[in-house]
Amino acid sequence: MQQIINFIVRYKTTLLYLFFMILAISFTVQSRSYHRSRVFNSANYITGSIYEKSSNISNYFNLSSENQKLLEENKRLRKALANHPGIDTILQDTSELKYTITTAQIIKNSYAYPNNYITLNKGSKQGLKQDMGVISPEGVLGIVEHTTANFASVQSILNSKSTINAKIKNTSYFGSLTWDGKNYNVVQLEDIPRLVNLNIGDTIVTGAMSSIFPEDIPIGTIQKFDLNESKSFYSIDVALFNDMTNLRNVYVILNTDGPEIRELESKIKNEQ
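Residues numbered from 1 in each chain as written. Predicted model: local features only at pLDDT ≥ 70, side-chain atom pairs only at ≥ 80, totals over all residues. Heavy atoms only, no water.

(A) Broad picture of the overall build of the chain. Secondary structure assignment for the chain yields six helices and twelve strands. Restricting the contact set of the chain to residue pairs at least 6 apart, pairs at least 24 apart contribute 58%. As presented, the chain carries roughly 17400 Å² of accessible surface, and 56% of it is formed by carbon and sulfur atoms. (Helix = DSSP H or I, 4+ residues; strand = E, 2+ residues; numbered from the N terminus. Contact = heavy atoms within 4.5 Å. Areas by Shrake-Rupley, 256 points an atom, 1.4 Å probe, with all protein chains shown as cover.)

(B) Summary view of the environment of L227. Among the structural elements, L227 can be located in strand 10 (residues 218-227). Linking L227 and D191, residues 36 residues apart in sequence, is a C-alpha distance of 9.9 Å. Ignoring sequence-local partners within four residues, the contact set of L227 consists of R194, F233 and Y234.

(C) Up close: a nonpolar patch on the surface. Residues Y11, L15, Y17, L18, M21 and I22 make up a contiguous nonpolar surface patch of about 570 Å² in total accessible area. If you trace the backbone, I22 turns up in helix 2 (residues 12-31). (Patch = residues over 30% accessible without salt bridge, like charges linked within 9 Å, V, L, I, M, F, W, Y side chains within 5 Å. Salt bridge = Lys/Arg side-chain N within 4 Å of Asp/Glu carboxyl O.)

(D) Fine view of the nonpolar core. Within the largest apolar cluster, 42 residues are counted, with the highest numbers of intra-cluster contacts made by L120, I157, L177, L189 and I219. If we skip the residues at most four places from it in the chain, L177 touches I157, S162, T163, I164, A166, V187, Q188, L189, I219 and V238. (Core = buried A, V, L, I, M, F, W, Y, C linked by side-chain atoms within 4.5 Å. Buried < 20%, exposed > 50% of the residue type's maximum accessible area, 1.4 Å probe, protein only.)

(E) Representation of the side chain of T206 in the model. Relative to the helices and strands, T206 resides in strand 9 (residues 203-206). On the basis of relative accessibility, which here comes to 0%, the residue T206 falls in the buried class. Looking at T206, its side chain comes within polar contact range of the main-chain nitrogen of I217, at 2.8 Å. Setting aside its immediate chain neighbours within four residues, T206 contacts V140, N165, A166, K167, F213, P214, E215, D216, I217 and I219. (Polar contact = N/O pair within 3.5 Å; in protein donor to acceptor, adjacent residues only side chain to side chain.)

(F) Fine view of the pairing of strand 8 (residues 186-193). Pairing geometry for strand 7 (residues 174-178) and strand 8, over three bridges, is antiparallel. Across the sheet, L177 pairs through a bridge with L189, a residue of strand 8. In this sheet, strand 11 (residues 233-240) lies alongside strand 8 in antiparallel orientation, the contact comprising six bridges. Of the residues in strand 11, the one forming a bridge with Q188 is D237. (Pairing = 2+ DSSP bridges.)

(G) Summary view of the environment of L189. Tracing the sequence through the fold places L189 in strand 8. C-alpha of L189 to C-alpha of I236: the two residues are 47 residues apart in sequence and 5.0 Å apart in space. With sequence-adjacent residues up to four places away left out, L189 is seen in contact with A166, I168, G175, S176, L177, I204, Y234, S235, I236 and V238.

(H) Examining the pattern of salt bridges more closely. Under the definition given, this model contains three salt bridges. Taking the shortest distance from any N to any O, the salt bridge between K167 and E215 comes out at 2.5 Å. Linking K167 in strand 6 (residues 164-168) with E215 in the loop between strand 9 and strand 10, this pair joins segments that are 48 residues apart in sequence. Note on K167: relative accessible area 7%, which makes it buried. Residues joined in a network through salt bridges with shared partners are K167, E215 and D216.

(I) Up close: unusual backbone geometry. The backbone of N170 sits at a positive phi, close to 65°, despite the residue not being glycine. Looking at the element boundaries, N170 is found in the loop between strand 6 and strand 7. Residue N170 is classed as exposed on the basis of its relative accessible area of 72%. One non-glycine residue, K231, lies in the positive phi region at around 65°. Within the fold, K231 resides in the loop between strand 10 and strand 11. Classification of K231 by relative accessible area gives partly exposed; the value is 47%.

(J) The arrangement of the confidence of the model for the chain in detail. Mean pLDDT over the chain: 81, with 70% of residues reaching 70 or higher. Summarising per-element confidence for the chain, the mean pLDDT is lowest in helix 5 (residues 87-91) (47) and highest in strand 5 (residues 152-159) (97). Segment residues 87-91: pLDDT under 50, and three contacts once partners within four positions in sequence are set aside and those in other chains are kept. (pLDDT = per-residue confidence, 0-100.)

The following block contains the structure:
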């Protein structure tokens, strides 16, 4: 204890200087929006870089399983090309494509909180922007919420604020996909009318009403369902195809019509 006191007494001038310098910087940052934004972006860059380095180390030890997943996905794509031989010619003209796709890797992922987020190793420099959809080979993961130059944060499907348009596969019955925060493997589908014939194991996919995701992207299967309090609609538990605790490679999807659709929808809301 005496050594600590002696240290403080010996370096009291330096410590006092550092204290007032930190205090001054704190006041400057809090009082100017420009300084706040610069500090925020710098902090995002530093934490993003740390997460990326950590992710690179983890990637090295998971190469085998990731390669196996890529092989399985390539097999599915090859099968699709074999059954639709003209599709490779169509895809060469990207100007006519409604959706564009960017690959990315997850460098941070949370799933144990009410509002979970995923961090990607790409940002605005690589073309990522707000409201782009994020999927894995197994299904939907979330929607891009914020970007910096080299990183992006994604609102996970495991987020109490997440709402995604979803439907029963091979039907036109759609509802809203949400999460009740209880189980990281299960989400909820609301607003499916009681007249629909449901079965345990039915597949849930993205609906056609989304301006973010293409239609028919896999989400999961029906685990349990029951009528809600009004007895007019089902409350459905959906077991996710994705293992939300073990994610790495993702695809980020841009609907080229999305901005125009959202602009039109905002005008309608303003008139109501």
